[in-house]
Amino acid sequence: MTELFDILMQASFWAAVLRIASPLIFATMGELICERAGVLNLGIEGIMVIGAFTGWIAVYAGLGLWPGVGVALLAGMAFGALHATLTVPFGLSQHVVGLGITLLATATASFAYRLALPEVTSPPRIEPFAPLHIPGLSDLPWLGEALFSQTALTWAGFGLAGMVAFVLYRTPLGLALRAAGENPQAVAAQGLSVTGLRMGAVIAGSGLMAVGGAFLTMSAFSSFFFEMVNGRGWICIALVVFGAWRPGKALLGALLFAGFDALQIRMQQTPLGQVVPYQVFLMVPYLLSILALILMSRRAEIPAALMTPFNRGER
Amino acid sequence: MRLEPIAAPSLARRLGLPALALAATVLVASALAMLAGADPLATLGLILQGAVGSKFAALETLNRATPLIFTGLAVAVAFRAKLWNIGAEAQLYAGALLTVVVGTQAGLPGPLALPLMAGAAVLAGALVLLGPVLLKTRMGVDEVVTTLLLNFIMALLISYLLEGPLKDPMGMGWPKSPALPRDARLPRLAEGLRLHWGFALALICAAGIWLMQTRTTLGYEIRAVGLSPQAARFAGIPVGRVLVKTALISGGLAALAGFSEVAGLKGNLTADLSPGFGYTGIIVAMLALLHPLGVVVSALFVAGIFVGADSMSRAAGVPTYIADMLLATALLFMVLALLLTRMRVVRG
Amino acid sequence: MTQDHGAQDIVLRLTNITKRFGALLANDGISLALRRGEVVALLGENGAGKTTLMNILFGHYTADEGEVEVFGQKLPPGLPGAALRAGVGMVHQHFTLADNLTVLDNILLGTEPLWRLSLGRGAARRRVARLSQEFGLAVDPDARVGALSVGERQRVEILKALYREARILILDEPTAVLTPQESEALFDTLRRMVAQGLSVIFISHKLHEVMAASQRVLVLRHGRLAGEVATADTSREALAEMMVGAEITPPAPSPARPGAVRLRLAGVVTPPQGTRPGLRGIDLDLRAGQILGLAGVSGNGQGALADLLSGLEAPQAGRMELDGVPVRQWSPRAALAAGIGRIPEDRHRTGTIADFSLTENAVLETYARPPVARRGLMDWRAARRAAQDLIEAYDIRCPGPEARIRLLSGGNMQKLILGRVLEAGPVVILANQPVRGLDIGAVTYVQDRLIAARDAGAAVLLISEDLDEVLTLSDVVRVICDGRLSPEFPRGSKTPAELGQWMAGAGVDHAA
């Protein structure tokens, strides 16, 4: 018990929570936008991989960090456009297409990696985002390290969550997106294009997922390796459900989740870690995700038209 | 644009469009080869040669196809019922695990060893899928994510067991299980032929599943539940129970892939037993239009691509991941082509 | 057929509209004109092409030929947005509202440029309040649409159009889901709109409403304009003949000879599901040889009662008896075994499996028993024989027993379901909206068969939101409102207006 308390008192623990949460926030917001508009995007895992790869390779090739993020965003949007084309106007199974996109994006990253670096055995490193120094706040004792030693990308993630909430609930665009996920007929009857809204949501959401992936190579690990996304995409899908399709709750879910993840890493170093195999600790995130799905299964307010294709003029 | 159903699609449409999808895939492959600085035709030729160009290559393809038939069948059976089992990888490892655990028991009577191992494997795979399915039928938890997450959990469990309780004391520190005794290995189909009975078992399973789907009430129930759970429930079909039965069959089939790989090919369990056979099973099943006999054909095709790409990569220097890209592309083109056999795109 | 009454007066003109769906000619060279300040009724049977025509006008479909002109401007085809901007509003038969949004948000949807940073809810709320007042459309702007009654939802739909300053309003079967009193209120709203210079097209297949609410009637038959008359110059009989092409005789059932009670519900309670009410302690007797008609506004517990009889739901409290024996295990299978034949409300999604063949659909309720199956093995030859028998006995028009049910018309689909139910020799028949959306021939066929089943001794529960249909077929009528039942009213003992009172909830509480 004292170990737990010690961990919670470490400033580095809280810094880790924010760091671990960041990629999840981007990708969860991306998935949330897609699902709010009525499209389940199972391409998320692969799109995160492609984001991690493209952002990293762009910087390795000499681009700046922010342009690198831009490249990842565009790569994600490109795969999003493919997903959207197949699932929205053609109305193909979102399960099959999503998994197909994940396989394609993952394979593309692997193929391109081998093309770009045929000989290397260990991937080269890039200079990642440095923690943003906020005058005053970052210098605070304890709090400065715990909360204000993050990179700009992390702050962008929090800003994004607020922006998604604002757009969804306060703007005409957000209203139209939510309606497209609830009853596309209502959207069409008001003269808006369901196809356009849904495709836009999937493309934009996929871009955000890719930025989430890019965070891994450009802010967290500074290098790319094949298994690095490691199910984070699937976890984000669980987080959307856990957050009841609301940006605020999903953000909270991502933080809570990151808290447990940061905790399990540190628990491995405690006496408990000596008796319990490390694999059990590593299972915690996946087990938590399943638990979150179970907890929310009864209450979740799922968008009514999620996974229902809309075909204008269907008879 | 708008989609309009076609009442009676012509034969040309039903065959031509899938053929077009395959042609488009070949085109993509050529472009990728060119991107890698290789001659596209030569690359395709090398893939073909590597897959079926020699007796050795063909046998390698058959060996690689064996687990894919099992996982492809597992996915095909489940997807028929719209049960999205993306966890064939976990079920495969569960099967492999029990194969090793049972097979390495001392004093197992020779002729009983293999059936016992297979039975235990099937049971383990079925149980792994049972959890997500019960969560789905009882609490409405989406099975896509739970089965996916179980893949990661299972991988960690296997990693733990191979580093701990199941570790081979003679393994020189490598995380691998002890080898199966001779009696617990699947024999080869013929003396001197590098192909084991797992392949035959896979073919038998495919035929069995086909008969189940077309001739039994369970097959009828599974199709009804997949096409319309609402109508199935109204008609008195016990939807939950049908899904559970489907899950047991699907999980069991995926587990047989693990059994066949361990008992037929590898002889022991390692953490890299499967290079994603469970995930590839999805492609195999989709390319086969979920038809159990088609699964055999598409598993051979997919295995050929992998084996061929491996050997091509050594010769032409195009990354072997071209195989994964090819198959993912083929999957997406194929689902689109199949839609367009039933629907036509009209303006307005 | 189009007459010119001063070009300035014409607000809408359709010229020579033709639309095909595959082999079906849904609209065949239809022309019409709408004047400022008039209510035109578009009358026709189901399948006559009324909704298709209006969907073309609104831009949901594009016509194969012909054009639409609003206020003298040609409308680009296929763009609902263009129709909306030109001042056309449409109230669809199936409401196009998002249940999880508030009334205000539903009205606001699509009215502001998408990229604006504010929804302007404050100003919008004031305008909606003013429009509600002006046109007699009371509804709480902050209520979630999912919690509203059907009548309120329709008001939201009309407010949506008015908020966008529609000058032309199209209403597709607006009274199908209303009580007679609510219909009156709707007609009052229409009169207020016309008084302000708006124009209304009002789609209906109910003659008395057309007579009561319109100034001019256009009759569609088989996709063609069959006639155009001023309402004052015509009669119900004349319209009916124009509509169906010949004199029709609605089924006139002979008096019933009620027998013993086959199914009895006593104090049955089922829980509500979402916005759908449950049953709140109902008593119901279904007697052999009698049709009991259940009238009511949609969403008042009909679904719960139908699910109960279908076996999809079990009573939470109360007793359910079949031939005097209390029911214990209750499931769809148990209901079938007890001899309850079920015609579900949604024949496309509940009654049949669209991608199954006719054979596979024919045996949906008998697939597990001989002769169709033995020891878990299907006998497809027996199944096909059963399907072939149904096709012949119930005059199902289809390419053959192997045809996918998706390709059948609604009427033929319903005949298959009817055949499946009747061939099992049911003691009780649940007929939930059995003729909704069918063409006149299929309607008569289904109704005649139900009457024949009654005469053969079945106890029939007919659920319909169409009061006229209930009154035509039923030997006794009961009204459902908010999960409670009215007393039994024998045939002819209550006028539609009196039943409307019950449908609106007056009196039901005391009876329960």
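Procedures and definitions
- Residues numbered from 1 in each chain as written.
- Chains lettered and ligands numbered in written order.
- Predicted model: local features only at pLDDT ≥ 70, side-chain atom pairs only at ≥ 80, totals over all residues.
- Helix = DSSP H or I, 4+ residues; strand = E, 2+ residues; numbered from the N terminus.
- Rg over C-alpha atoms; globule rule 2.2 N^0.38 Å.
- Buried ≥ 20, exposed ≤ 12 C-beta atoms within 10 Å, placed from the backbone.
- Contact = placed C-beta atoms within 7 Å.
- Nonpolar A, V, L, I, M, F, W, Y, C, P; charged D, E, K, R; others polar.
- Axes fitted to C-alpha atoms, helices over the stretch in contact; angles between N-to-C directions.
- Parallel < 35°, antiparallel > 145°, perpendicular 65-115°, else oblique.
- Left-handed = near helix turned anticlockwise from the far one by under 90°.
- Pairing = 2+ DSSP bridges.
- Expected span 1.5 Å × (residues − 1).
- Bend = angle between axes of the 7 residues up to and from the residue.
- Domains from an automatic or database assignment.
- UniProt positions renumbered as here; feature names shortened; annotations may be inferred.

Moving on: the overall build of chain C. For chain C, the count of helices and strands is 18 helices and 23 strands. Radius of gyration (C-alpha) of chain C: 24 Å, near the 24 Å computed for a compact globule of 512 residues. Here the C-alpha coordinates of chain C stretch approximately 70 × 50 × 50 Å along the principal axes. For chain C, the residues scored as buried account for 48% of the 512 residues in total.

On to the overall build of chain A, then. Each helix and strand in chain A was counted, giving 14 helices and 0 strands. Secondary structure of chain A in N-to-C order comes out as α-α-α-α-α-α-α-α-α-α-α-α-α-α. By principal-axis analysis of the C-alpha atoms, chain A measures approximately 65 × 50 × 45 Å. The contacts in chain A between residues at least 6 apart in sequence include a share of 79% that link residues at least 24 apart.

In this complex, chain A contributes 38 residues to the contact, which on the side of chain B involves 39 residues. Elements supplying a minimum of two residues to the side of chain A that touches chain B: α5 (94–116), α11 (232–242) and α14 (278–296) of chain A. If you tally residues by element for the side of chain A that touches chain B, the top one is α5 of chain A, at 13 residues. Across the side of chain A that touches chain B, the residue classes tally to 24 nonpolar, 11 polar and 3 charged.

Turning our eyes to something else, we now look at the packing of helix α7 (residues 152–170) of chain A against helix α12 (residues 247–267) of chain A. Residues and elements named next belong to chain A. It is at 9 Å that the axes of α7 and α12 come closest, and there the two elements cross at 160°. When the axis of α7 is compared with that of α12, the two are roughly antiparallel. For the pair α7 and α12, the crossing hand works out as right-handed. For the pair α7 and α12, the contacting residues are A161, V164, A165 and L168 in the first and P247, G248 and L251 in the second. Across the contact of α7 with α12, the residue classes break down as 6 nonpolar, 1 polar and no charged.

All right, on to unusual backbone geometry then. Residues and elements named next belong to chain C. Of note, the bond from P370 into P371 is cis; its omega dihedral lies within 30 degrees of zero at 5°. Unusually for a residue other than glycine, N16 sits at a positive phi of about 55°. Of note, N16 is situated in strand β1 (residues 10–21).

A few words now on the pairing of strand β16 (residues 340–343) of chain C. Residue and element names in this part refer to chain C. Here β16 shows a buried face lined by I340 and R342 and a second buried face lined by G341 and I343. One ladder, built from 4 bridges, connects β16 with strand β19 (residues 428–432); its direction is parallel. Bridged to R342 within β19 is L430.

Along the chain, the position of L109 of chain C falls in the loop between α3 (103–108) and α4 (121–135). L109 of chain C gets classed as buried once you count the C-beta atoms within 10 Å, which come to 26. As for L109 of chain C and L119 of chain C, which are separated by 10 residues in sequence, their C-alpha atoms are 9.2 Å apart. In this structure L109 of chain C touches L175, A176, A179, A186, V187 and Q190 of chain A, once residues within four positions along its chain are discounted.

Turning our attention to the sheet that holds strand β3 (residues 39–43) of chain C. Residues and elements named next belong to chain C. Spatially, 6 strands are ordered β6-β7-β8-β3-β9-β10 in an open sheet, and the strand pairing comes out mixed. Edge strands, defined here as strands with exactly one partner in the open sheet, are β6 (88–91) and β10 (224–230). Along the sheet, successive strands turn relative to each other by an average axial angle of 20°, direction set aside. With 4 bridges connecting them, β3 and strand β9 (residues 216–221) associate as parallel partners. Opposite V40, over in β9, you have R216 as the bridge partner. Packing against the sheet, helix α5 (residues 150–163) makes contact with β6 and β7 (168–172), and its axis sits at approximately 170° to β6.

This part covers the interface of chain C and chain B. At the interface, 26 residues of chain C touch 16 residues of chain B. Elements with a minimum of two residues in the side of chain C that touches chain B: α10 (332–337), α11 (347–351) and β18 (377–378) of chain C.

With that settled, the discussion passes to helix α10 (residues 194–220) of chain A. Residues and elements named next belong to chain A. Here α10 contains 27 residues, and its C-alpha end-to-end distance of 38 Å stays within 8% of the 39 Å for a straight helix at 1.5 Å per residue. Most pronounced at A214, the bend in α10 amounts to some 35°. Extensive coverage of α10 is indicated by the burial of 26 of its 27 residues. Just downstream of α10 lies S222, where phi reads positive at about 65°.

Residues and elements named next belong to chain C. In terms of domains, chain C is made up of domain 1 (7–244), domain 2 (251–339 + 426–512) and domain 3 (353–424). Taken together, the 14 residues of domain 1 in the interface contact 16 residues of domain 2. Its residues assigned to classes, the side of domain 1 that touches domain 2 shows 7 nonpolar, 5 polar and 2 charged.

For the rest of this paragraph, the subject is the UniProt feature "transmembrane region" (unreviewed entry) in chain A. Residue and element names in this part refer to chain A. The positions UniProt marks with the feature "transmembrane region" (unreviewed entry) are residues 12–32, 39–59, 65–84, 96–116, 147–169, 201–226 and 275–296. Its end C-alpha atoms 30 Å apart, residues 12–32 is made of 100% helix and 0% strand. Along residues 201–226 the backbone is 77% helical and 0% strand, and the end-to-end C-alpha distance reaches 28 Å.

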